[in-house]
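The residues making up each chain are set out below.
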Amino acid sequence: MKPIKIVIAGQPNVGKSSLINAMTSSRLKVGNFSGVTVEKSEVSFEHHCHILEMIDLPGTYSINGFSKEEKVARDFLQNEDYDVILNVIDSTHLTRNLLLSLELLNMNKKMVIALNMIDEANAEGMSIDVSQIQAITGIPTIAVSANTKEGIEELLNVVHDIADDEIRLKSKVSYSDIVEEQIYTVS
């Protein structure tokens, strides 16, 4: 069976490497400072009779960034072959993370959103409506915690389902009525 190639993308310090460690029992370098992942890191493991190849990209605030880390991430996302983007978001800073998510949605690739650090968001009294995020984006969204491993198995199962699906899910990002009208007239 052909391996499923998953690219892990997200902003710096959203817990991408920690999430990979939780999913794979590997020991990728983890830290809360810039440059932890400057080049991409790769890990392979078996899950439900599939070989999953995970590529941990450097954190990037935007696909159009100019730092060394952002260029590595952009070049891989735009030029390499992979099956699924796993967009990791820090649940305690949703708004800050959504710009990159929108850019990834516009790439028209298969994608799953992992709302990481859900345990921390809950501890801060935040209530996140995961189904609403999924309804707005049209992208499967799973609340997870790399620290407690909450949601990890569900996340891996959804990644399998999306990778196996022949049809890419279309995102349903909608804009204000004025912007939607302008998009309609341009298309």
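Note that the coordinates shown come from a computational prediction; the quantities given were computed from them, not determined experimentally. (Residues numbered from 1 in each chain as written. Predicted model: local features only at pLDDT ≥ 70, side-chain atom pairs only at ≥ 80, totals over all residues. Heavy atoms only, no water.)

> Whenever I open this one, the overall build of the protein chain confuses me. Can you help?
From N to C terminus, the protein chain includes 7 helices and 6 strands. Walking the protein chain from its N terminus toward its C terminus, one meets helices and strands in the order β-α-β-β-α-β-α-β-α-α-β-α-α. When each of the 187 residues of the protein chain is scored for burial, the buried share is 49%. Long-range pairs, those at least 24 residues apart, make up 68% of the contacts in the protein chain between residues at least 6 apart in sequence. With the model as given, the accessible surface of the protein chain reaches about 9800 Å², and the carbon-plus-sulfur share is 51%. (Helix = DSSP H or I, 4+ residues; strand = E, 2+ residues; numbered from the N terminus. Buried < 20%, exposed > 50% of the residue type's maximum accessible area, 1.4 Å probe, protein only. Contact = heavy atoms within 4.5 Å. Areas by Shrake-Rupley, 256 points an atom, 1.4 Å probe, with all protein chains shown as cover.)

> What exactly am I supposed to notice about the sheet that holds strand 2 (residues 41-47) here?
The strands making up a sheet are joined through hydrogen bonds of the backbone, oriented either antiparallel or parallel. The strand order 2-3-1-4-5-6 describes an open sheet built from 6 strands, whose pairing is mixed. The sheet terminates laterally at strand 2 and strand 6 (141-143), the two strands that pair on one side only. In this sheet, adjacent strand axes meet at a mean angle of 25° when their direction is disregarded. Across 6 bridges, the pairing between strand 4 (residues 84-90) and strand 5 (residues 111-116) is parallel. (Pairing = 2+ DSSP bridges. Axes fitted to C-alpha atoms, helices over the stretch in contact; angles between N-to-C directions.)

> How do you make sense of the nonpolar core when you look at a structure like this?
Where a protein is soluble and globular, its nonpolar side chains tend to be buried together. Counting residues in each nonpolar core, the largest one holds 27 residues, and the members touching the most others are Ile6, Leu19, Met23, Met54, Leu86, Val112 and Leu155. Contributions of two or more residues to this core are made by strand 1 (4-10), helix 1 (16-24), strand 2, strand 3 (50-56), strand 4, strand 5 and helix 6 (152-164). Here the element with the most residues in this core is helix 6; it accounts for 7 residues. Valine 112 has contacts with Val84, Ile85, Leu86, Asn87, Ile139, Pro140, Leu155, Val158, Val159 and Ile162, leaving out every residue within four places of it along the chain. In terms of nonpolar packing, the next biggest core, distinct from the first, is built from 25 residues, Ile63, Ala73, Ile85 and Ile133 among them. (Core = buried A, V, L, I, M, F, W, Y, C linked by side-chain atoms within 4.5 Å.)

> Which parts of the structure should I look at to understand unusual backbone geometry?
Keep in mind that most residues, glycine aside, have a negative phi and that most peptide bonds are trans. Residue asparagine 13 is not a glycine yet carries a positive backbone phi of 65°. Among the structural elements, asparagine 13 can be located in the loop between strand 1 and helix 1. Note on asparagine 13: relative accessible area 37%, which makes it partly exposed. Backbone geometry at lysine 149 places phi at a positive 65°, although glycine is not the residue there. Take lysine 149: it is sitting in the loop between strand 6 and helix 6.

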